[in-house]
Amino acid sequence: MRTPRIRESSMLKFQMLPLAAAALLLAACGKGETNTAPAPEVQKAVSAADADRFVLGINEWRTTNGPRFAAAAWLASTYINDDSQLLSAKATEESLEYVTKKIDEAKGFGDLAGLTPASARAITLLRLGPTMPAPNDAAKREELAKIAAGMEANYGSGKWCHDNAAGQQECLRLQEIEKIINNVDLKNTPAQMAEAWAGWHATAKPIRKDYQRFATLMNEGASQIGYANTGELWRGGYDMSPADFDKDVERLWGQVKPLYEQLHCAVRTKLNEKYGDAVVPKDGLIPAQLLGNMWAQQWGNLYPLMEPYQGVGTLDVSASLKKMRDAEFDKLKAGFKGKPSDVEMAELEHQADIAIATKMTRIAEDFYTSLGMPKLPETFWTKSLLVQPRDRDVVCHASAWDLDLAHDDVRIKMCIEPTEEMLTTVHHELGHIYYYLNYKDQPPMFQSGAHDGFHEAIGDTITLSLTPKHLQTIGLIADAKTDERAVINNQMKIALDKITFLPWGKLVDQWRWKVFSGEIPAESYNAGWWKLREAYQGVAPPLPRSEDDFDPGAKYHIPGNTPYTRYFLAFILQFQFQKALCDASGFKGPLYECDIYGNPEAGARFMAMLSQGQSQAWQDTLEKLTGTRQMDASAIVEYFSPLMKYLQEQNQGKSCGWEGEA
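Residues numbered from 1 in each chain as written. Predicted model: local features only at pLDDT ≥ 70, side-chain atom pairs only at ≥ 80, totals over all residues. Heavy atoms only, no water.

K.L.:
How should I be thinking about the overall build of the protein chain in this particular structure?
P.N.:
Along its length, the protein chain carries 24 helices and 6 strands. A compact globule built from 662 residues would reach a C-alpha radius of gyration of about 26 Å, and the protein chain, at 24 Å, matches this within 12%. For the C-alpha atoms alone, the extent of the protein chain along its principal axes is close to 75 × 60 × 60 Å. Burial statistics for the protein chain: of 662 residues in total, 60% are counted as buried. A fraction of 79% describes how many contacts in the protein chain between residues 6 or more apart in sequence connect residues 24 or more apart. Counting every atom, the protein chain has about 24,500 Å² of accessible surface; 50% of that belongs to carbon and sulfur. (Helix = DSSP H or I, 4+ residues; strand = E, 2+ residues; numbered from the N terminus. Rg over C-alpha atoms; globule rule 2.2 N^0.38 Å. Buried < 20%, exposed > 50% of the residue type's maximum accessible area, 1.4 Å probe, protein only. Contact = heavy atoms within 4.5 Å. Areas by Shrake-Rupley, 256 points an atom, 1.4 Å probe, with all protein chains shown as cover.)

What follows is the structure, given as structure tokens:
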């Protein structure tokens, strides 16, 4: 089963506001101010009471104001116009002002000695600051908020206008451009895909100067709360020092890098055979537009080219979903009196899209409820945005929302189409929703993931149970073969998404951290971006690039200011979680065959972890589920061991790797 493309969020923004909600959910403990002179006992008691009141006030403020800020953000993403951007910017500005003030006040609690554990942790989290640290100066906060709203709007309304094959000008949204790049039938030429790739990436050019100013303002805000730059602030949110976190990420990358190298080698060989040496060198970088994804972050659309054993164990889930969608349309059309006009026909098509999107979401909901989790509230179905509206632009980037902190109003925002990829994306987004619902009894300041990678890993853990047998059980495929060749085919399909994502998941923030630190100056934004992409992914731009371009900004998470290392961590953690849940369920067999659907013990263990939210260090939460306090990629290596053996055999005698490899 294919994993969701990280688009919203991921590549989603589960803390919906780059606002106070996001700022106060925060990450795990980091550095705080140190009071060298211990306070007398009587003062400790007073300080403890003051701290409790301080934290209570923030929790109450979030409960009161969170829905208003979330509504402004929702409006800005689903009704893109000047008015909604103004409301969003004002909400962001107001929340940043409050957060900045509270971070400054938190310095007064010194080394936190004598405080209750809950208040000490809450203040530690607060001191980490928001992902969008704002300067103390009111005018600069306003400027920061306006830039943030404008960059996100630019992304959501971006279009590529060009002359089509008929000589007529057409303007395509991202979803439409992606269909050219995705090239699922492998019929588009490298030149056609390069043109579409350049068309989308050009939409980011207008925000290049905005991003430079944005980074400068955030760095000023980070410095005022005690960090060298914004990157250090982000890396401080993992219950360890930024330096130790860097080492941990490098350790994890070292565990999975050999598998990526073998997969890259095999893909390059196949693309070379298809397009020739002039397009794809036998031992160099792969042109990015050929990998079946706008950002070359996941390569699942290349499966028809890479399928090891032709036609064995074929899992055409997309065909089943499209058949269901067409059946919905036929039913609607049959119930229409008379011959529908073009406008009425378009509306019937839209209603069929809504029907299949709802059905796909119900399938995902069923998996979570089978583990003992509650049904989604009725407002989820009435307020979520599941398909592209016919009358306006929206930010189609998939995301999960908690709008009221009472968890009565949770939603997803997606433009669902009847494909296997979208079905797994829905499972991913509901992972965020069910995390919200499970930690709802925590105080507002602890209503977040153990760390941000946990939040992203929940839904992806569920998708690992969408095995061929599971898909057959729920009626999406007819025959689930499990012989050795079928296993290799299925693992290739999964690896083309999950393994190829890993270097991308690491490098996006590597670029930002270097920008924030000044190692990549503004005049080298694009060159620095491609240097990292070449080093980690082994890919090259399809066309010459210059510093007039701003290719990082063509990925949502850059203008949307969503930290990205969370996704790298999530792609590691999901296999670690799955192994622990499979062990808890009593499953005996290869990890890649495990399906926890309907298992009450796995469900209870999962919910016990989710319910902790961010109330304790993530190491404590991880240990409760897995028995270890360290993130570890050994489960992903175990899962893909059959594929690794196959790839090593196929690549024998080939020159794998590339010059400048990280």
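K.L.:
Can you walk me through helix α8 (residues 208-224) in this structure?
P.N.:
Residues spaced three or four apart along an α-helix face the same direction, because each turn holds 3.6 residues. Between its first and last C-alpha, α8 extends 25 Å over 17 residues, near the 24 Å set by a 1.5 Å rise per residue. All of the buried residues in α8 are Arg-208, Tyr-211, Phe-214, Ala-215, Leu-217, Met-218, Asn-219, Gly-221 and Ala-222. Residues of α8 that are buried make contact with α5 (138-156), α9 (230-235), α18 (484-517) and α19 (525-537). (Expected span 1.5 Å × (residues − 1).)

K.L.:
Sorry, what's going on with α18 here?
P.N.:
Given a rise of 1.5 Å per residue, 34 residues ought to cover 50 Å, and the 49 Å separating the end C-alpha atoms of α18 matches this to within 8%. At Ala-495, α18 shows its maximal bend, which comes to roughly 45°. The buried fraction of α18 is high, at 30 of 34 residues. Between the side-chain oxygen of the N-cap and the backbone nitrogen of Arg-485 there are 3.1 Å, and the N-cap of α18 in question is Asp-483. With its phi angle positive at about 90°, Gly-518 sits one or two positions after the end of α18. (Bend = angle between axes of the 7 residues up to and from the residue. Polar contact = N/O pair within 3.5 Å; in protein donor to acceptor, adjacent residues only side chain to side chain.)

K.L.:
What am I meant to see in unusual backbone geometry here?
P.N.:
With the exception of glycine, most residues fall at negative phi, and the peptide bonds are largely trans. Phi is positive for Ala-296, which is not a glycine, with a value near 55°. Within the fold, Ala-296 resides in the loop between β3 (286-287) and α11 (303-306). Of note, Asn-561 is a non-glycine position whose phi angle comes to about 55°, a positive value. By secondary structure assignment, the location of Asn-561 is in the loop between β6 (539-540) and α20 (565-585).

K.L.:
Is there a simple way to think about the confidence of the model for the protein chain in this case?
P.N.:
A low pLDDT score tells you not to read the predicted coordinates there in detail. Averaged over every residue, the pLDDT of the protein chain is 90; the share at 70 or more is 93%. Confidence drops under pLDDT 50 across residues 1-46; counting only partners more than four residues distant or on other chains, this segment forms 190 contacts. (pLDDT = per-residue confidence, 0-100.)

K.L.:
When you look at the packing of aromatic side chains in this model, what are you seeing that I'm missing?
P.N.:
Each aromatic ring pair is described using two quantities: the centre-to-centre distance and the angle formed by the ring planes. Following the criterion strictly, the structure yields 38 aromatic pairs and no others. Centre to centre, the rings of Trp-197 and Trp-530 are 6.0 Å apart; their planes meet at 50°, and the pair counts as tilted. Of this pair, Trp-197 sits in helix α7 (residues 190-201) while Trp-530 sits in helix α19, and the two are 333 residues apart along the sequence. The same class applies to Trp-197 and to Trp-530, which are both buried. Aromatic ring contacts, followed pair by pair, group Tyr-211, Phe-214, Phe-501, Trp-504, Trp-511, Tyr-525, Trp-529, Phe-550, Tyr-564, Tyr-567 and Phe-571 into a single cluster. Lying across the ring of Trp-74, Arg-411 places its NZ or CZ 4.7 Å from the centre. Lys-498 extends its terminal NZ or CZ atom over the ring of Phe-571, reaching a point 5.5 Å from the ring centre. (Phe/Tyr/Trp six-rings, centres within 6.5 Å; stacked < 30°, edge-to-face > 60°. Lys NZ or Arg CZ within 6 Å of the ring centre and 35° of its normal.)

K.L.:
Help me understand the pattern of salt bridges in this model?
P.N.:
As enumerated under the stated definition, the model contains 38 salt bridges in all. In this structure, Lys-159 engages Asp-393 in a salt bridge whose closest nitrogen and oxygen atoms are separated by 2.9 Å. Here Asp-393 lies in the loop between α14 (378-383) and β4 (399-402) and Lys-159 lies in the loop between α5 and β1 (160-163), a separation of 234 residues in the sequence. Its salt-bridge partner being Glu-347, residue Arg-390 comes within 2.7 Å of it at the nearest N-O pair. On the criterion of sequence distance, the pair formed by Arg-390 in the loop between α14 and β4 and Glu-347 in helix α13 (residues 342-370) is long-range, its members being 43 residues apart. Taking relative accessible area as the criterion, Arg-390 reaches 45% and is therefore assigned partly exposed. Several salt bridges converge on common partners, so that one network encompasses Lys-90, Glu-93, Glu-142 and Lys-146. (Salt bridge = Lys/Arg side-chain N within 4 Å of Asp/Glu carboxyl O.)

K.L.:
Help me understand the nonpolar core in this model?
P.N.:
The nonpolar side chains of a soluble globular protein tend to be buried, and buried together. Counting residues in hydrophobic clusters, the biggest one holds 188 residues, and the most contacted among them are Tyr-211, Leu-271, Leu-430, Trp-511 and Phe-640. Beyond its immediate sequence surroundings of up to four residues, Leu-430 is in contact with Thr-361, Ala-364, Glu-365, Tyr-368, Leu-376, Phe-380 and Ile-412. Ranked by size, the runner-up nonpolar core spans 9 residues in total, among them Ala-70, Ala-73, Trp-74 and Leu-403. (Core = buried A, V, L, I, M, F, W, Y, C linked by side-chain atoms within 4.5 Å.)

K.L.:
Explain the state of the cysteines to me, please; I cannot follow it from the model alone.
P.N.:
By definition, a disulfide links the sulfur atoms of two cysteines through a covalent bond. According to the stated counting rule, one finds 4 disulfides in the structure shown. Here Cys-396 pairs with Cys-415 through a disulfide, and the sulfurs are 1.9 Å apart. The S-S bond linking Cys-396 to Cys-415 shows a torsion near -75°; that makes this disulfide left-handed. With Cys-396 in the loop between α14 and β4 and Cys-415 in the loop between β5 (410-413) and α15 (420-438), this pair connects stretches of sequence that are 19 residues apart. (Disulfide = S-S within 2.5 Å.)

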